[in-house]
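Take a look at the letters that make up each chain.
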Amino acid sequence: MPRGRRGGRVSALEGGPEEAAAPAPAPAAGVSQLQPPAAAAQTLLRGIFEIRRSSCDVVLSERALRWRPIVPERPAGDSKCDVQCKEEFIEVKDIFSVKLKRRYSAKQQGNGTLLGITLFICLKKEQNKLKDSTLDLINLSEDHCDVWFKQFKKILAGFSNRPKSLKVILNPQSHKKEATQIYHEKVEPLLRVAGIKTDVTITEYEGHALALLKECELQEFDGVVCVGGDGSASEVAHALLLRAQKNAGKETESILTPVRAQLPLGLIPAGSTNVLAHSLHGIPHVVTATLHIIMGHVQPVDVCTFSTTGKLLRFGFSAMFGFGGRTLALAEKHRWMSPNQRRDFAVMKALAKLKPEDCEISFLPLISSHDLEERKAEGSPKSDCNDQWQTIQGQFLNVSIMAIPCLCSVAPRGLAPNTRLNNGSMALIIARNTSRPEFIKHLKRYAGVKNQFNFPFVETYTVGEVKVRPRNNSGYSLEEDGLHAAASENSFPWNVDGDLMEAKSEVQVKLHPRLINLYGGSTEEMNDSQGTCIWIPNVSLSKRPLLLPSRDLYPIAQPNTFEATELMD
């Protein structure tokens, strides 16, 4: 029986060397030797395959693929035999593709020599990371492999939540113009292996994605994928939600109760900031984000509407007013700088010209679960919100309103540790006027271990709705910061998901629970350690390419030959 190549596509994807063959079988990474929690399901197929150079008794059920090495009988109590004979398994739900493995030589014509079946598997690693792997089932019988191949195909077809066709929006200007390379080298190969059809649009200008998704036909797609940074992701989410309101016959000028987006959105982190993707996946990792899309992992996420004078400005996930808005306005005027330089310049300039905003903040606080139970016992309406608006006035250096954790690498503990993706609440964090050194201490604590809330000028609230009304009608001008360009007349800058939004008067922010579905893992599996940032961080991505040749061809591990193996559907 021919030998299968160890390591398979894992080594190729990670750019590592192939492992040398070992005579004794060992459990593959992510392959368990323990029994699955559920009871064994009905057996579908049973047969013999070579797995990692050992002949194995393989059993396929509705829930798992199990195998046990076939070894000669040994005396009872032989510990070596017990170790080698341990059963291993993978759960069927972790398989995302199956292909026939064939060998081709330079002189050979036709379909080549069948080697067996290759399974592509999604493995869970540490720190919320996902990794793709392969398992080769080697058997030279065409009939035997055909039966198993068709059964695997039938099982995979039963996962109706997994996308089969995706609309991809790619921003080529994201970060250091790396988004195109990231997609073609890391994302597209995995989508191709999974058999997912894609229609890719490369955006050419700001607002292109919004204009495209307002008009294009989306019926043929199972989801939309955005490859870019926070600005691109927020624009696509906003466009999908606007499209849903239009399809539902709602006026987009003023929306009190918006309807849910009709298609899920996948976020591939490829920008200078990846706060949305980081919050969604717990890690800004391209392969992890891609595998969540392939596996059809979907979770609902809370969204905010931003309105002024009864008119909808946009949908979004988080916002900052004051220092956060001024910093972004300064950075946007220096787009010619690199992301790092632009961020550092804007932060230093905003700190040098630090000044508070005189405004009035009104909000509807969310009541605690204990108070809610008391309300229910008294027969009061089952609302999580307090009916009484609370109002505070004064001089504020920064106001943050966040419906998601806003994780990023520079703030591991987070500005809103109690905020989740879909817990039906927003975090309102207010920094009142204080001295510049004290405010800088506050900012530095995001990256440290000390409590960033432990300042007399910082206040936090859990809310469902917020109104911010500046009492200074003169607006904000960049000339105040020593620059000659100015924002719109009498307008105030807001940082909404890394995009600059300008408003001339009161802005109302209202939470709408579970308004959009995003491709990502369960929030319950996220690490407790969460973070956020109040300026634009730079999250650098690895430039190491995936060593995956086109059409999934890779050389057989034999020197001085012209043979190759190909994986076929």
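A short tour of the structure in this document, coming up. (Residues numbered from 1 in each chain as written. Predicted model: local features only at pLDDT ≥ 70, side-chain atom pairs only at ≥ 80, totals over all residues. Heavy atoms only, no water.)

## A short note on the overall build of the chain
Argument step 1. Across its full length, the chain holds 12 helices and 23 strands.
Argument step 2. Taken across its 569 residues, the chain has 54% of its residues classed as buried.
Argument step 3. Summed over all atoms, the accessible surface of the chain reaches about 26,200 Å², with 49% contributed by carbon and sulfur. (Helix = DSSP H or I, 4+ residues; strand = E, 2+ residues; numbered from the N terminus. Buried < 20%, exposed > 50% of the residue type's maximum accessible area, 1.4 Å probe, protein only. Areas by Shrake-Rupley, 256 points an atom, 1.4 Å probe, with all protein chains shown as cover.)

## Points about the packing of aromatic side chains
Argument step 1. Enumeration over the complete set of coordinates arrives at eight aromatic pairs.
Argument step 2. Seen from their ring centres, Trp 148 and Phe 152 are 6.3 Å apart, and the 45 degrees between their planes marks the pair as tilted. Linking Trp 148 with Phe 152, this pair stays in helix α3 (residues 142–157), spanning four residues, or about one helical turn. The burial state of Trp 148 is the same as that of Phe 152; both residues are buried.
Argument step 3. Each residue in the set Phe 49, Trp 148 and Phe 152 is aromatic and connected to the rest through ring pairs, giving one cluster.
Argument step 4. Taking NZ or CZ as reference, Lys 467 lies 4.5 Å from the ring centre of Trp 389, over its face. (Phe/Tyr/Trp six-rings, centres within 6.5 Å; stacked < 30°, edge-to-face > 60°. Lys NZ or Arg CZ within 6 Å of the ring centre and 35° of its normal.)

## Remarks on the nonpolar core
It is characteristic of soluble globular proteins that their nonpolar side chains tend to be buried jointly.
Argument step 1. One finds Val 236, Leu 265, Leu 267, Phe 439 and Ile 516 to be the most contacted residues of the largest nonpolar core, which totals 58 residues.
Argument step 2. In terms of nonpolar packing, the next biggest core, distinct from the first, is built from 28 residues, Phe 96, Ala 270, Leu 291 and Tyr 519 among them. (Core = buried A, V, L, I, M, F, W, Y, C linked by side-chain atoms within 4.5 Å.)

## Remarks on the pattern of salt bridges
Argument step 1. On inspection of all chains with the given rule, the structure shows 16 salt bridges.
Argument step 2. Residue Glu 215 pairs with Lys 246 through a salt bridge whose shortest N-O separation is 3.8 Å. Of this pair, Glu 215 sits in helix α5 (residues 208–215) while Lys 246 sits in helix α6 (residues 230–247), and the two are 31 residues apart along the sequence. (Salt bridge = Lys/Arg side-chain N within 4 Å of Asp/Glu carboxyl O.)

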